[in-house]
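# Structural characterization, general
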Amino acid sequence: MTDSLTDFLSAMHDLLGPDWVNTAPDTLYRYGENTLPGGNRPPAAVLYPSSTAEVQAIVKAANRHGVALHPISSGNNIGLGTRSAMQAGQVVVDLGRRMNRILEVNDTLCYAEIEPGVSYQALHDELVRRGNHLMSDCTSGPPQGSVLGNAMDRGAGYTPSFDHFGAICGMEIVLGNGEVIRTGDGGMDSSRMWHVSKYSFGPALDGLFVQSNFGIVTRAGIWLQMRPPAMKTFHFSFPDDADLGDILDLVRPLKLTNLVPSLFRVANDLWLIAEHETHPEYARTQGRTALSDSARRELQARHGLGAWVASGAVYGASAQALDPVVDRIRRHFCKSGRARYISDEEADALPGLSTAKSVFYGIPSSQELRQCKWRPGGGLTTFTPGTPLVGEQALRLQDLARAILARHGLEYISMWVCAARFARGLHQIVFNRENPEERQRADDAYLELARSFAEAGYSVGRSPIDYQALHFGQLSPEVRALQAGIKDLFDPRHVLSPARYGLS
Ligand SMILES: Cc1cc2nc3c(=O)[nH]c(=O)nc-3n(C[C@H](O)[C@H](O)[C@H](O)COP(=O)(O)OP(=O)(O)OC[C@H]3O[C@@H](n4cnc5c(N)ncnc54)[C@H](O)[C@@H]3O)c2cc1C
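This write-up is about the structure you can find in this document. Every value quoted in this text rests on a predicted model; they were computed, and no experiment measured them.

## Considerations on the overall build of the protein chain
Of the regular secondary structure elements, the protein chain holds 16 helices and 19 strands. What you see for the protein chain is a C-alpha radius of gyration of 23 Å, in line with the 23 Å of a compact globule of 504 residues. Summarising its shape, the C-alpha atoms of the protein chain cover approximately 70 × 55 × 45 Å along the three principal directions. Relative to its full complement of 504 residues, the protein chain shows a buried share of 58%. Once local pairs closer than 6 in sequence are excluded, the contacts in the protein chain between residues at least 24 apart make up 76%. When the 49 positive and 54 negative side-chain charges of the protein chain are each reduced to one mean point, those points stand 2 Å apart.

## Thoughts on the site of the ligand
In the vicinity of the ligand there are 34 residues, among which S73, S74, N150, A156 and R462 approach most closely. S73 is positioned with one of its side-chain polar atoms (N or O) 2.7 Å from a nitrogen atom of the ligand. Surface burial for the ligand is 95%, taken as the share of its 970 Å² of free accessible area covered by protein chains. Breaking the shell around the ligand down by element, the ones donating at least two residues are β3 (69-72), α5 (147-152) and β10 (215-223). Across the shell around the ligand, the residue classes tally to 12 nonpolar, 18 polar and four charged.

## Considering the sheet that holds strand β8 (residues 168-175)
With respect to topology, five strands assemble into an open sheet ordered β5-β6-β10-β8-β9, the strand pairing being antiparallel. Here the strands that pair on one side only, and so sit at the sheet edges, are β5 (102-106) and β9 (180-182). In this sheet, adjacent strand axes meet at a mean angle of 15 degrees when their direction is disregarded. For β5 and strand β6 (residues 111-114), the ladder comprises four bridges, and the chain directions are antiparallel. The residue bridging V105 from the neighbouring strand is A112, located in β6. The sheet contacts of helix α3 (residues 52-65) involve β8, β9 and β10, and relative to β8 the element is tilted by about 40 degrees.

## Overview of unusual backbone geometry
The backbone phi angle of R154 is positive, close to 60 degrees, even though this residue is not glycine. By the element assignment, R154 lies in the loop between α5 and β8. Residue class for R154 comes out partly exposed when judged on its relative accessible area of 43%. Unusually for a residue other than glycine, H494 sits at a positive phi of about 55 degrees. Checked against the element boundaries, H494 lands in the segment after α16 (477-490).

## Considerations on the side chain of D241
Secondary-structure assignment places D241 in the loop between β12 (230-238) and α6 (244-256). A distance of 2.8 Å separates a polar atom in the side chain of D241 from a polar atom in the side chain of R296.

## Topic: the packing of aromatic side chains
The full count for this structure, using the stated rule, is 14 aromatic pairs. When the centroid spacing of 5.8 Å and the interplanar angle of 85 degrees are considered together, the rings of F214 and F490 count as edge-to-face. Residue F214 is found in the loop between β9 and β10, and its partner F490 is found in helix α16; the two are separated by 276 residues along the sequence. We classify F490 as buried; its relative accessible area is 15%. An angle of 15 degrees between the planes, with centres 4.2 Å apart, marks the rings of F236 and F333 as stacked.

Calculation notes
- Residues numbered from 1 in each chain as written.
- Predicted model: local features only at pLDDT ≥ 70, side-chain atom pairs only at ≥ 80, totals over all residues.
- Heavy atoms only, no water.
- Helix = DSSP H or I, 4+ residues; strand = E, 2+ residues; numbered from the N terminus.
- Rg over C-alpha atoms; globule rule 2.2 N^0.38 Å.
- Buried < 20%, exposed > 50% of the residue type's maximum accessible area, 1.4 Å probe, protein only.
- Contact = heavy atoms within 4.5 Å.
- Lys, Arg positive; Asp, Glu negative; His and termini not counted.
- Charge placed at Lys NZ, Arg CZ, Asp CG, Glu CD.
- Near = heavy atom within 4 Å.
- Polar contact = N/O pair within 3.5 Å; in protein donor to acceptor, adjacent residues only side chain to side chain.
- Areas by Shrake-Rupley, 256 points an atom, 1.4 Å probe, with all protein chains shown as cover.
- Nonpolar A, V, L, I, M, F, W, Y, C, P; charged D, E, K, R; others polar.
- Pairing = 2+ DSSP bridges.
- Axes fitted to C-alpha atoms, helices over the stretch in contact; angles between N-to-C directions.
- Phe/Tyr/Trp six-rings, centres within 6.5 Å; stacked < 30°, edge-to-face > 60°.

Structure below.
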């Protein structure tokens, strides 16, 4: 341990008390663990602050001693880095342990003010406890994921409030230089509009703190939805891989007219089936080759699914009011002659679709996490390219990804989440992290995907921490220089998450 780190940790003992500074080897191991090919990154220590004032004091001390910090809200960033800091030896600031209060639920204006440790499950439970009049969006990932942490990484859910950063209104932030600011109307101390008005006087600053390392967000307002009296999901199964193009073209007008206010989930067979099955040929092939097409078809037949299933939801005053809307959507999809309609009720019996149903209703579910066990050994790295919502382009991207993954002996496990003009393709690269050869193949596959997609003009959204420098390098020199300049301004000693999203 360097002298500066020793002095910093001694200051932390005085500030937080010994119970809230952890350097035990098993804790450091747990906080360094992740599912990525690049390896674990054990931190030097883990700190558990209880207030904005303590976070501010931590950041000021880190500036004095030249120590790198890495904030997490709940550290459930599975497939992207989990709890790991960007580099081994950084000090993790775990905001979730003690800063996990729901500070306000405003029933009239339909928002909450939360601390970073509030999970999807905790917010959902609190809203149910308060009479279930309000609904929060959630992801289909870990229910213990942080509402704020996910928004800070620009994650998404599935209800009409699927854009998680978009639902944030007014943040409190400790900058890298130790100053505390409030964004939006919170910029005026006496404001009564902090969590209701997004755009105040002057430039909108909020976006600068998302997917960056300029500040630590210590509280924020999040807009909720009124829970509608009735909700209904609908699902369409398509038989072939090549149907993806038609599906996206069918989705587009439904989103552009807002007939379907939810996000569309267009999930492939293995995305859904991996919740219930493990790779049936793994023992025989030792995972060296991707699942054979015949085995994939067998799984589809056994589970009553085609190659793709498109799912969405509608919300309204009553089930009767929703029936004609679902009928209209059904006619729209079935005119393709390729779609098989699966009703909300039938979805319960099909793999993956009950999870879809739950998240469309804003109810967290841990079912989808079972995908991580498709292959043994706990490896998962997530590739997240986008595409304009044009079927022919998505089809080409599917062909490209399938070919690359097959070449590296790995499966295509993918879900395209579609808004009105744009879809993001979530590709789960599941691999055996305990097998060095397979781990190398997962790394090689990600790199080839990232380079090939960028060459074709398609960039990623979030990225696993292993590849953030690579993706930063894909931005223009002017954009990189501007981001570096903002880093210097907000965090002149570069104490916050050096290397996060490529910014040192
Ligand atoms: C099967 C599966 C399904 C998934 N489904 C989804 C999905 O539907 N949607 C989705 O978005 N994700 C999904 N994920 C990805 C991920 O698990 C979730 O996004 C999860 O909620 C992120 O973890 P977290 O909320 O605990 O964030 P954290 O790990 O706490 O934070 C995420 C990042 O933001 C930064 N950060 C956190 N808090 C702060 C703060 N207060 N100030 C500044 N920076 C901060 C951290 O440094 C970290 O890099 C899925 C993962 C799996 C394995």
